[in-house]
Structure formats: C-alpha cells, structure tokens
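Chain by chain, the residues:
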Amino acid sequence: MDITQQAKYIATHYQQQLLKWYAKEGRISLPWRNLKGENTPYGVYVSEIMLQQTQVKRVQEKYFIPFLHTFPTLKALAQAPLDSILKCWEGLGYYTRARNMQKSAIICCDKYNATLPRTRKELLQLPGIGAYTSGAILCFGFGESVSFVDGNIKRVLCRIFALREPSQALLDKLALLLLDSKHSFDYNQALLDLGAMICTPKSPSCHICPVHNFCNGKTNPALYPTPKSSHLTTLILHLAVYMNKKGEIAFVYTDEKEGKNSLYQGLYNLPSFKLEEIAHYEKCYTKCGSFKHHYTKYAITANVYWLDYEHLDILRHMQSKKLHFFLPQELDAKPLSSLCKKALKLVDSRF
C-alpha cells in the first residue's frame with residue numbers, strides 16, 4: 001500500500017480521533033478562534049501573521065487584542081501612521097511582517113473594497129502572505145474547506161507516514177487527503193494543536209497522542225522529518241548613548257529603503273559605530289557594559305558606551321545617518337527595537 005492509499009485508508013478514523021481529542025484538550029478558547037462577524041477574516045489574518053515565529057502565549061497575552069483595538073479594520077490599518085503600527089508591534093520582532101500587513105491593507109482598500117480577497121490566488125499576491133497563511137485565512141476566516149501545511153503540520157504528517165525529506169507537493173497531497181471537509185475549521189485547528197502540544201520537535205508526548213495508533217514514526221519520532229541545522233550569524237555592535245543639555249537622547253532611524261539586510265527597519269535605534277572609531281575616540285566615551293541579544297538570524301553582542309554631551313560633533317562625524325533627539329518621556333510613543341531598550345536599560349541610572 002503506497003502512502004496516498006494509506007492516507008485514504010486511515011482518514012475517517014484518524015479524523016474522528018483527532019476531533020475527539022480537540023474537543024477535550026484543544027486550545028478552543030484562543031481569541032482568534034472565536035471571532036464573529038464580517039471582520040473575522042481580518043482578525044484571523046492579524047493572528048496568523050503575529051503567530052509566525054512567535055509563541056501563542058506571547059501573542060495572546062500582549063499583542064492580539066490591543067492591536068485589534070488600535071487597528072480594528074483593514075481600512076484603519078491602511079490609514080495609520082507606520083510608526084504607530086510598529087509601536088504596537090514592538091517586541092514581537094520580524095517587523096517586516098507589520099510593514100507587509102499595512103502594504104496588504106492598502107492594496108485591499110484599493111482593489112477589494114477594504115476586505116481581504118476570498119481566493120487563494122489573490123491572497124498569495126498580497127505582501128507577506130504565503131501558502132499556509134492564505135489557507136488559514138480561507139479556512140478560519142471565510143469558513144472554506146481547505147487544507148494547508150505549516151511547520152507543525154509538516155512534522156505530524158512526516159511522523160505519521162515516516163517521511164524524512166518529503167516534497168512539498170507530497171505534503172500538500174497528504175494534507176488534502178486527510179482533511180475532514182465537513183469539519184475543516186476544527187480539524188485544521190486540531191492538527192495545529194497536535195503539532196504544537198503533543199507532536200513537538202523534541203520529546204514528543206507519543207504516549208498521549210490521539211492518533212498514536214496511526215503513526216508509523218512513533219518508534220523513533222526524532223528521525224521525522226530530518227532535523228535542519230540552524231546557524232546564527234555572529235554580530236558585534238558598538239552602540240552610543242548620547243544625551244544633550246536638554247535631556248534629549250540621540251537616535252537614528254533605519255529606513256526601509258536601506259535594503260532587506262538592514263537591522264530593525266522602521267524603528268529608532270541608538271547610533272552604531274565601528275570598533276576602530278570607538279578606539280580612536282576612546283577618551284570621549286565611557287563603556288557602560290555589554291549584553292547578548294538574538295534577533296532573527298543574528299547572535300548579537302552589544303557593547304554600550306556613554307558619550308558626554310560636549311562631544312556631539314564627534315557623534316555626528318561617526319554617524320552617517322541623520323540624528324533624531326527625543327526626551328525619555330517621549331519614547332513611549334516611538335517604535336524602539338528590543339536591542340535599543342536593553343541598551344537604554346543598561347545605562348538607565350545615568351538619566
């Protein structure tokens with residue numbers, strides 16, 4: 001029996017056991033699973049973008065509801081200042097997600113009467129929306145019976161069918177064959193929860209898995225799929241904290257036009273310098289300390305320096321970007337990177 005025949009053979013009982021487990025153990029109360037009304041697709045869209053590379057608990061407790069209160073519709077998101085969007089996103093990281101959401105909202109207001117399009121082809125044309133997200137919006141937002149594959153679902157499918165390096169085409173086919181078309185909302189949510197709560201990347205709880213009896217990879221789940229090696233790029237930054245006589249702190253702004261590889265686009269950060277520049281002006285600085293920080297693909301070591309207020313000319317000479325000055329009390333309204341906040345906290349006793 002080949003894999004597709006296996007999928008057809010187990011589908012009905014597999015669906016029943018998964019849905020029974022979800023009714024008792026699933027994360028049914030998550031706010032984005034209980035949206036009502038015509039704005040449901042937008043709420044689902046926001047949740048799916050937020051949940052990329054971010055833990056469910058973090059999105060649920062700090063970001064999802066406040067974001068929807070501030071930007072309750074696609075139109076509100078399209079018309080909002082980018083700074084206000086990034087401020088609401090502050091701490092979630094991967095800020096390109098937020099910028100793409102506004103770009104998509106603007107497109108939807110221009111082309112689709114301020115609503116999300118209802119076809120996969122049109123959704124895939126919006127910035128930041130891929131195969132999984134388009135499927136999730138169609139299923140959870142519009143009630144369409146569609147299948148899709150994200151990292152959690154891929155892992156579940158790989159273990160059920162003992163697949164080490166399957167093609168995306170095969171995974172998509174298996175997901176469709178196993179889809180419960182009559183209960184697609186609950187089924188897809190159950191599958192996501194199974195991957196997140198039971199069939200985890202490390203130390204899966206196979207003994208309590210609701211579909212344990214269908215799993216061909218349960219004897220050695222770590223083999224499926226073949227683990228990918230992750231590598232972080234080491235980055236050393238030298239950050240300067242400068243305060244003028246008015247008590248204003250100097251920041252630089254990273255524009256989106258500066259390229260995809262620029263750190264923290266759309267956010268205010270502390271000026272950053274080369275090591276040789278720091279060494280040349282060492283008498284003008286006081287080193288405040290260092291800290292470690294992870295951001296996307298980077299493992300950052302940040303060295304923080306305090307520059308006395310009379311050395312503004314040196315700061316301007318070393319920093320090619322335009323300087324922006326804000327009072328500490330103004331920072332609550334400015335989008336700052338987590339890296340910047342950590343650096344400011346390190347020297348907080350100075351101001």
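Note that the coordinates shown come from a computational prediction; the quantities given were computed from them, not determined experimentally. (Residues numbered from 1 in each chain as written. Predicted model: local features only at pLDDT ≥ 70, side-chain atom pairs only at ≥ 80, totals over all residues. Heavy atoms only, no water.)

Asker: How should the environment of Gln17 be read in this particular structure?
Answerer: Position of Gln17 among the secondary structure elements: in helix α1 (residues 3-25). Placed 301 residues apart in sequence, Gln17 and Met318 show a C-alpha to C-alpha distance of 64 Å. Setting aside chain neighbours within four positions, we find Gln17 in contact with Pro210, Val211, Asn213 and Phe214. (Helix = DSSP H or I, 4+ residues; strand = E, 2+ residues; numbered from the N terminus. Contact = heavy atoms within 4.5 Å.)

Asker: Sorry, what's going on with the sheet that holds strand β3 (residues 268-269) here?
Answerer: Pairing between sheet strands relies on hydrogen bonds along the backbone, with the strands arranged either parallel or antiparallel. With antiparallel pairing, the 3 strands of this open sheet are ordered in space as β3-β2-β7. In the strand order of this sheet, the two ends are held by β3 and β7 (323-326), each with one partner. Direction of pairing for strand β2 (residues 249-253) relative to β7: antiparallel, over a ladder of 4 bridges. Its bridge partner lying in β7, Val252 is registered against Leu323. (Pairing = 2+ DSSP bridges.)

Asker: What's the story with helix α6 (residues 96-111) in this structure? I'm lost.
Answerer: Taking 1.5 Å as the rise per residue, α6 with 16 residues should run 22 Å; its terminal C-alpha atoms sit 22 Å apart, in good agreement. All of the buried residues along α6 are Arg97, Ala98, Arg99, Asn100, Met101, Gln102, Ser104, Ala105 and Cys108. Those residues of α6 that are buried are in contact with α2 (40-50), α3 (56-70), α4 (74-79) and α5 (82-89). Immediately beyond the C-terminal end of α6, within one or two residues, lies Asn113, with a positive phi of roughly 55 degrees. (Expected span 1.5 Å × (residues − 1). Buried < 20%, exposed > 50% of the residue type's maximum accessible area, 1.4 Å probe, protein only.)

Asker: Is there a simple way to explain the side chain of Gln102 in this structure?
Answerer: As for its position among the elements, Gln102 is in helix α6. Once you skip the residues sitting within four places of it in the chain, Gln102 turns out to touch Leu77, Ala78, Ala80, Leu82 and Ile85.

Asker: For this particular structure, what's the right way to read the environment of Ala190?
Answerer: Within the element layout of this structure, Ala190 appears in helix α11 (residues 184-198). Residues Ala190 and Gln15, 175 residues apart in the sequence, show an inter-C-alpha distance of 9.6 Å. With sequence-adjacent residues up to four places away left out, Ala190 is seen in contact with Leu18, Trp21 and Tyr22.

Asker: Just checking my understanding: could you explain the pattern of salt bridges for this structure?
Answerer: Once the charged atoms of two side chains with opposite charge are near each other, the side chains can pair. If you walk through the whole model with that rule in mind, you get 5 salt bridges. Asp193 is the salt-bridge partner of Arg33, the closest N and O atoms lying 2.7 Å from each other. With Arg33 in the loop between α1 and α2 and Asp193 in helix α11, this pair connects stretches of sequence that are 160 residues apart. The buried category is assigned to Asp193, whose relative accessible area is 0%. When the shortest N-O distance is used, the salt bridge between Glu90 and Lys87 registers 3.1 Å. Glu90 gets classed as buried once you look at its relative accessible area, which sits at 11%. Counted as one network, the salt bridges with shared partners bring together Arg27, Arg33 and Asp193. (Salt bridge = Lys/Arg side-chain N within 4 Å of Asp/Glu carboxyl O.)

Asker: Explain the pairing of strand β6 (residues 298-307) here, please?
Answerer: Consecutive residues of a regular strand have side chains that alternate between opposite faces of the sheet. For β6, the buried fraction is high: 9 of the 10 residues fall into the buried class. When strand β1 (residues 233-242) meets β6, the two strands line up parallel, connected through 10 bridges. Each bridged residue has a counterpart across the sheet, and for His238 the counterpart in β6 is Asn303. With 10 bridges joining them, strand β5 (residues 285-295) and β6 adopt antiparallel strand pairing. From the neighbouring strand, Lys292 faces β6, where its bridge partner is Thr301. Remark: 2 residues form the turn of the hairpin made by β5 and β6, two consecutive strands paired antiparallel; Thr296 in that turn has positive phi of roughly 45 degrees.

Asker: Looking at this structure, I do not really get the side chain of Thr40. What am I missing?
Answerer: Take Thr40: it is sitting in helix α2. Here Thr40 is in contact with Leu35, Phe140 and Gly141, once residues within four sequence places are set aside.

Geometry only, nothing functional implied.
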